[in-house]
Amino acid sequence: MFHFARIILLAAVTAVFALSAQAQHMPGSSSGGSSAPPATPSLPDPLTPQAIEAMVARMSDDQVRSMLLDRLDAVAAADAASTGPDTLTHDIMSAWQAFSGSITMAIQRLPMLLSGQVSALGAFFDTYGVGGAFVMFLLMAVVLALAYGAERLVSMLFRRWQKEPLAETDEDSGLLDTVSFLARRLIRELIGLAAFYLVIRIAGRLLLSPEQIIFAGPFAIYLIWMPRLAAAIGRFVLAPKRPDKRLLTVDDHWARYLQRNIVGLVFLSGLTIFVVAFNARFGVEPGLTRIGFWFDSAVYVYIIIIAMQAREALIGMMLGNPESPTRYEKMISRAYPWYAVIVSVVMWVVVNTLIGMNEIALLLGGAHYKTLFWLLIAPLLDTMIRGLTRHLVPPMIGEGPVAEHAHEATKRSYIRIGRVVLVAAVAMIIRDIWNIKLTGQESFGADLIEFVMTCAVGYIAFELAALWVNRRLAREQTSMGNPAETETGGEGGGAGGSRLTTVLPLVLAAVQVAIVVVFALLAIGSLGIDTTPLLASAGILGLAIGFGAQKLVSDVVGGIFFLIDDAFRVGEYVDVGGTTGTVEKISIRSFQLRHHRGPVHTIPYGEISKLTNYSRDWVIMKLKFTVPFDTDPNKVKKIFKKIGAEMMADELYKDDFLEPFKSQGVFDFDDVGMIIRGKFMAKPGTQFTIRKEIYNRVKNAFRENDIEFARREVRVAIPALEDEDLSDDERKAIAAAAGAAVQQQENPPG
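Residues numbered from 1 in each chain as written. Predicted model: local features only at pLDDT ≥ 70, side-chain atom pairs only at ≥ 80, totals over all residues. Heavy atoms only, no water.

1. Points about the packing of helix H12 (residues 311-319) against helix H13 (residues 327-356)
The description of two helices packed together rests on the angle between their axes and the distance between the axes.
Here comes step 1: One can describe the packing of H12 onto H13 by two numbers: an axis separation of 8 Å at closest approach and a directional angle of 145°. Considering how the two elements wind past one another, H12 and H13 form a crossing that is right-handed. Contacts from Arg311, Leu314, Ile315, Met318 and Leu319 in H12 reach Glu329, Lys330, Ile332, Ser333, Arg334, Tyr336 and Pro337 in H13.
Here comes step 2: Residue composition of the contact of H12 with H13, by class: seven nonpolar, one polar and four charged. (Axes fitted to C-alpha atoms, helices over the stretch in contact; angles between N-to-C directions. Helix = DSSP H or I, 4+ residues; strand = E, 2+ residues; numbered from the N terminus. Left-handed = near helix turned anticlockwise from the far one by under 90°. Contact = heavy atoms within 4.5 Å. Nonpolar A, V, L, I, M, F, W, Y, C, P; charged D, E, K, R; others polar.)

Here's what the structure looks like:
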């Protein structure tokens, strides 16, 4: 503790001596008079803790006390001057004053622009001389010629080294061939540019002096090398004059326009950085003429002009060439030109605000241009992600509408994951550009970057969970068929899905809710907000809901146990207290039954006392056939057995049978004939299709064997009257009476 206090004292005394040394040179200071303190000793050189301690030992207590009090008063005054109201309104007003002050200063110093530039050029020629400048430019031309020759040589050797030459063919090719062609050409150009850069550095050091390199280095990098790098990247992305090798959907005219103006934009940005550094190097500070403001504003105006002139081309390029563009894709493509305008204006405001705050050091390396580049290219990368996803997504699992829906959902998940990864990558790149540290630094920028990264990781986890569950569901549903498409004859009782198809959607919902809650808390915490009160409030709220919604808790707990018991699955036909239907949807509180005639019943789990499942494992169906009394039952038995054997051998039905169709003999007699019953065992959901086919085959077999189905007959006996003695009117009256009797027998009163 004593050692720490001594160090503080030594530091304070050192500062006091520095202030005293400045005070000695101020006018009005006096060295005479009896009331003046003793002369202050000069600071030791070198200034080490041991030397300061020795100096303090030679000073009197009054001198040390006076110096320390003066230093403390100075620190308090500085803190009072720098401390302002820490409010959002104050920050906004400070930013507005900085921005408006920067614009006002640029306009006020516009008359000094020409004179300041002439002064910088004069200092340049004073430094190098007219002859020296001419020699320097001549040597720079020699260095550039050597670098360009080396670039051409390396490119030629690389072209020969490639197995397949970069042939200029007009034939359309697939995505892989197109990317391969463009990538090989880009690599060749990048290797050539790397050779160009290395030769510039080596030859420049050999031919130019250090003073000349200070000027020639930025000139070659910003005004020659970077525009050529932008041209190489533009040829890869836009492929001007090569529509067959173009990755983006844009015609030749606009491809050449965009590539040409992108190079011009990079040149203008490099010229801005070069001119500002040139003026500062030769005695004209950036704030004196504010020439950087006008060059920088020209960059943003240039971007806006490009966005407006090529608006339709940019919209088509952003939309790509999808088979069926979504509403989101159309909206993003239409908004992209205006997005470029907004980004340019916002970046212009940010740059001038930083200049007004005297934070020019952040801009000297072109951090604002790098940020602008990544913000403008991000939507184009999103288009590339959508295009690659359509080609690289795993193949569809199975066939049919279920598989197609799952395949489309998978593609959308991959696209969303790619977008989030893109946002996170751009955020990290911008963080590195502005040198924002995520740890050990308290700033809104660092908190915002950490917030974005946390949300991105949470969203990726959210989508990966959905992706895995959807693919498993597609595999399950495709392998067993879609229960909703099973033909049930309009009477229900179809086969249900597997246990996974029932449980996985609920598991997915629970996992996604957990992911949202956890990452929401982490994201809020990354902004510096204490989440402890939120957790306490959530606990109290959950306790209140638990007491006030006991029925809801009962439903949820009951549903959990029903699912654990595997009492029913999606697609199964069940009976719940007299309510029958096919299980159509399952949630955490209730499930829905679709009656085969259309109505939907929603039943909470807590209200289920007994549940009957008609679709589990197997189903037995018994069919009744009424034949005349004189029919031979053994003959009917043989017919049923033959039909059962034929259907067991039929490719269309054999896999649906568990036991063949067979006769159960005479089941009952009625006033019409004998009732003979047959039965079969089948898989749930297939029994109604099999029943239709059995009816058709039995009908045809009875016709072939002269067996008729029994039908109701009414015989009218009139004593002492023969049929041939009846008139037509009497016969009609008798037939009407017989029909009325039959109708009364079939529909008795009450």
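That covers the picture; the talk isn't over yet.
2. A closer look at the sheet that holds strand E6 (residues 619-627)
Within a sheet, neighbouring strands are paired by backbone hydrogen bonds and run either parallel or antiparallel to one another.
Here comes step 1: Spatial strand order, E6-E8-E7: three strands in an open sheet with antiparallel pairing. Among the strands making up the open sheet, the edge pair consists of E6 and strand E7 (657-669). Neighbour-to-neighbour, the strand axes of the sheet open up by a mean angle of 20°, direction not taken into account.
Here comes step 2: Across seven bridges, the pairing between E7 and strand E8 (residues 674-682) is antiparallel. Bridging across to E8, serine 663 finds its partner in glycine 678.
Here comes step 3: Packed on one face of the sheet, helix H20 (residues 633-649) meets E6, E7 and E8 and runs near 165° to E7.
Here comes step 4: Strands in contact with helix H21 (residues 687-704) are E6, E7 and E8; relative to E6, the strand with the most contacts, it is inclined by about 25°. (Pairing = 2+ DSSP bridges.)

3. Topic: the pairing of strand E1 (residues 573-576)
Here comes step 1: Residues Tyr573 and Asp575 line one face of E1 and the alternating positions Val574 and Val576 line the opposite face, and both faces are buried.
Here comes step 2: Both E1 and strand E2 (residues 579-586) contribute to a ladder of four bridges, which runs antiparallel. Bridging across to E2, aspartate 575 finds its partner in threonine 580.
Here comes step 3: What sits between the antiparallel neighbours E1 and E2 is a turn of two residues, in which glycine 577 has the positive phi angle 60°.
Here comes step 4: In the sheet, E1 pairs with strand E5 (residues 611-613) via three bridges, with the strands oriented antiparallel. (Buried < 20%, exposed > 50% of the residue type's maximum accessible area, 1.4 Å probe, protein only.)

4. Regarding the pattern of salt bridges
Here comes step 1: This structure, assessed with the given rule, holds 13 salt bridges.
Here comes step 2: Residues aspartate 244 and arginine 242 are paired through a salt bridge, measuring 2.9 Å at the closest nitrogen-oxygen approach. Side by side, aspartate 244 and arginine 242 carry an identical accessibility label, which is buried.
Here comes step 3: A salt bridge links glutamate 463 to arginine 416; the shortest N-O distance between them is 2.7 Å. In this pair, glutamate 463 sits in helix H16 (residues 444-480) while arginine 416 sits in helix H15 (residues 401-433), placing the two residues 47 residues apart along the sequence.
Here comes step 4: Residue class for glutamate 463 comes out buried when judged on its relative accessible area of 4%.
Here comes step 5: Three or more residues joined by partner-sharing salt bridges are found here, namely Glu646, Asp650, Glu693 and Arg697. (Salt bridge = Lys/Arg side-chain N within 4 Å of Asp/Glu carboxyl O.)

5. Structural notes on the packing of aromatic side chains
Here comes step 1: Tallying each qualifying case throughout the model produces 30 aromatic pairs.
Here comes step 2: Where phenylalanine 124 meets tyrosine 128, the ring centres are 5.1 Å apart and the plane angle is 55°; that geometry is what we call tilted. Of this pair, phenylalanine 124 and tyrosine 128 both sit in helix H5 (residues 112-128), four residues apart, roughly one helical turn. Note on accessibility: phenylalanine 124 and tyrosine 128 belong to one class, buried. (Phe/Tyr/Trp six-rings, centres within 6.5 Å; stacked < 30°, edge-to-face > 60°.)

6. Details of the sheet that holds E2
Here comes step 1: Spatially, the five strands line up as an open sheet ordered E4-E3-E2-E1-E5, and their pairing is antiparallel. The outermost strands of the open sheet, each flanked by one partner alone, are strand E4 (600-604) and E5. For this sheet, the mean angle separating the axes of adjacent strands, direction not counted, is 40°.
Here comes step 2: Taken together, the five bridges between strand E3 (residues 590-594) and E4 define a ladder with antiparallel strand orientation. Across the sheet, serine 590 pairs through a bridge with proline 604, a residue of E4.

7. Structural notes on the nonpolar core
Here comes step 1: Counting 40 residues, the largest nonpolar core has Leu238, Leu258, Leu314, Met317, Leu372, Leu376 and Trp434 as its most contacted members.
Here comes step 2: Setting aside residues no more than four positions away along its own chain, methionine 317 makes contact with Leu238, Leu248, Thr249, Leu258, Leu380 and Thr383.
Here comes step 3: Judged by nonpolar contacts, the second largest core, of 23 residues, contains Phe625, Val627, Ile676 and Ile694. (Core = buried A, V, L, I, M, F, W, Y, C linked by side-chain atoms within 4.5 Å.)

8. Focus: a nonpolar patch on the surface
Here comes step 1: On the surface, a nonpolar cluster with roughly 890 Å² of combined accessible area is contributed by Phe134, Val135, Leu138, Val142, Leu146, Leu198, Ile202, Leu206 and Leu207.
Here comes step 2: Among the elements of the structure, helix H6 (130-161) and helix H7 (175-207) are those that each provide at least two residues to the nonpolar patch.
Here comes step 3: Counting residues per element, the nonpolar patch draws most heavily on H6, which supplies five residues.
Here comes step 4: Relative to the elements of secondary structure, leucine 206 occurs in helix H7.
Here comes step 5: On the basis of relative accessibility, which here comes to 70%, the residue leucine 206 falls in the exposed class. (Patch = residues over 30% accessible without salt bridge, like charges linked within 9 Å, V, L, I, M, F, W, Y side chains within 5 Å. Areas by Shrake-Rupley, 256 points an atom, 1.4 Å probe, with all protein chains shown as cover.)

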